[in-house]
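A structural walkthrough
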Amino acid sequence: MATTEEKLTEFQRISAKEFLARQLYLTGTVAPDATVIAPLGAFYKDTVTKIRYENNGTVAAPVWEELIGGGNGGGGSVFILDITPQSSGNCTDKTLADGAVLTNVTSNTNLVTVHFLAHRAASSYIPRITVNGNIVDHMTLTFNSDGLYEGAFDIDMTGDTTGEIVASNAGGAISTCVWNFAAAPVVTSATFTGSMPGAQTELKEDDTIDVTIVADQDVDRVEIVANGDVKGSVHDVTAGDTHVITVTIDDVGAGAVAGDFDVKVRTASGSWSDEVTSSNTVQMNNTYPVINMGVLNYPASQTALKDAEEVTVNHTIDDYDTVTYSSQNGDLGVVGDANTFAADKKYARVSGNYSVSTQNVRIVAVRAANDASTTANKVVKIAHVAAVLDIVTASRLRSPDDHDVTLNFNQQMTSTDALSADLGSLNGAFDTLTITDATAKGTGTFSAVSAFNLANIETTTIGSGASYTVGGFLNRNIAVPAFQQTVAIGTDVVDTAKLVASTGAGVPLVYTSNGTAANGSKEYTIVNDSDFKILDEEIYNGNATGELTINVEETI
């Protein structure tokens, strides 16, 4: 057998062009930087590292450069970009050079597809590509926007556990990928091996149970595939062939189901097994008790409890084995056995003064087979004390006007039957107080309240706002007869400091208490508490026709 150096010498006898055309490869253990005789463009593969090199130096002193693909000048180019299964199986553990060119791959199937990118040689209209010596039909190549050709070719690597996949361009370029075969793992056993939780005989949604997975080789990942019976999950495990995994039950709906699980496993190299279904099943059932809450029956004419009064909680329960009645906050006590069903279960008030929105009745029903529990809550209103009334009105009530009266109770009320006011008159709804010009001025008082809460407890006292003030009057125009100095306002003045007055022509008038004033002063005064007296002689003597009017009000 010829030595490597003899092969190199032999290759020197043919031209570099002919060498490239034949795609001859030198093999041996010659170091990439060895000084040997070889034509430019010659290829050398290190039998130890499996790395391929190309002579890019001179014939006399070659420079061997690592080759991942490409070409030589006008000889075109080719790059293996990916290797994928033709149908089933996995191609994993891939190594890329320059971030794009595939140089190593591990596959669990012999039937793979080689994906490549190529550029035509100078002497070719399109690239002429072979993959492991098999000619690629150039009609299958696709020309892309980068001016390169994309292609894919199916090959069968049966019989090779470690080898090479070589894509060659007729112009001389090659791209090589080291190919390793690793058989896909096989799940040899998948079974439910765990026990039911507690005393259950069925599993419901979100219950868990252990399963055991056995593979024919070490695996480092187990994937439980969602199948409607169990929820999907992925588990990274310490490499080994047997693994115990906890799975979570899915919602299988109401009714008993013999549920299974689906699983697949992966080796450290990334090779996945086929998906298999467990060889045994467990009973699953997502039936829950159903509680339908009905009406509450309070004592007659009431919608809340006081003292030790009782309420009846009407309800039904389906699909249950046990039931528990309770009160969340202790305001109520269960009448009778708290663990015996009654469609008209009674609760009695034991504490709490006022509560109308806090849930205080709880019913818990349990279905024993799958330990499914349903809880229903209800609000029973409590009004054990009388409500407190606060009344809100305006700070000063002027006449003549209807004034809003707001009754603020600190509880929900069923009625307000009575309320009195000693100044003015209340309407039937007690929300409006009418003040007339004839209503006495001063402090008024609300009293004689009668209102009832939800438990029919009467409120008879007023907490705040029982007093109110009547004073002031609304803006009005008063006609002044000819040459008359004094006219009636129509109601009493309480606070002269709050008076605002002017003539009908818009001339402001000024209040004074001295009773006299010089001509042109525009002054007036109040006499007899309710009469407007003009003090400026020019004003009242100038009213010869009786057309003078006075605009006046006592503000709030």
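For the structure given in this document, a descriptive report is provided here. All values derive from a computational prediction rather than experimental measurement. (Residues numbered from 1 in each chain as written. Predicted model: local features only at pLDDT ≥ 70, side-chain atom pairs only at ≥ 80, totals over all residues. Heavy atoms only, no water.)

Bringing the packing of aromatic side chains into the picture now. Scanning all chains against the criterion turns up 7 aromatic pairs. Here the aromatic rings of Phe446 and Tyr468 are separated by 4.5 Å at their centres, their planes lie at 40°, and the arrangement is tilted. Here Phe446 is found in strand 38 (residues 442-453), whereas its partner Tyr468 is found in strand 41 (residues 467-479), with 22 residues between them in sequence. Neither Phe446 nor Tyr468 differs from the other in exposure class; each is buried. One aromatic cluster is present, formed by Tyr511, Tyr524 and Phe532 through successive ring pairs. (Phe/Tyr/Trp six-rings, centres within 6.5 Å; stacked < 30°, edge-to-face > 60°. Helix = DSSP H or I, 4+ residues; strand = E, 2+ residues; numbered from the N terminus. Buried < 20%, exposed > 50% of the residue type's maximum accessible area, 1.4 Å probe, protein only.)

Let us now look at unusual backbone geometry. At the junction of Ser399 and Pro400, the peptide bond is cis and its omega measures out at -15° in the coordinates. Position of Pro400 among the secondary structure elements: in the loop between strand 32 (397-399) and strand 33 (401-404). Backbone geometry at Asp319 places phi at a positive 55°, although glycine is not the residue there. Checked against the element boundaries, Asp319 lands in the loop between strand 23 (310-318) and strand 24 (322-326). With a phi angle near 60°, Lys522 is a residue other than glycine that sits in the positive phi range. Structurally, Lys522 is set in the loop between strand 44 (508-511) and strand 45 (523-527). When its relative accessible area of 29% is taken as the criterion, Lys522 is described as partly exposed.

The next thing to look at is the sheet that holds strand 8 (residues 111-119). Across the sheet, which stays open at both edges, the 4 strands sit in the order 5-8-12-11 with antiparallel pairing between neighbours. Sheet topology places strand 5 (77-85) and strand 11 (142-143) at the edges, where each strand pairs with a single neighbour. Of the pairings in the sheet, the one linking strand 11 to strand 12 (residues 149-156) comprises 2 bridges and is antiparallel in character. Looking at strand 12, one finds that Phe143 is bridged to Tyr149. (Pairing = 2+ DSSP bridges.)

So, about the side chain of Ser273. Here Ser273 is to be found in the loop between strand 19 (262-266) and strand 20 (276-277). On the accessibility criterion, Ser273 (6% relative accessible area) is buried. For Ser273, the residues in contact, after removing those within four places along its chain, are Pro185, Val186, Val187, Lys264 and Val265. (Contact = heavy atoms within 4.5 Å.)

A full pass over the atoms with the stated rule returns 11 salt bridges. We note a salt bridge from Arg266 to Asp220, for which the minimum N-O separation is 3.2 Å. Of this pair, Arg266 sits in strand 19 while Asp220 sits in strand 16 (residues 208-225), and the two are 46 residues apart along the sequence. Like Asp220, Arg266 is buried. (Salt bridge = Lys/Arg side-chain N within 4 Å of Asp/Glu carboxyl O.)

In short, shape yes, function no, at least from these values alone.
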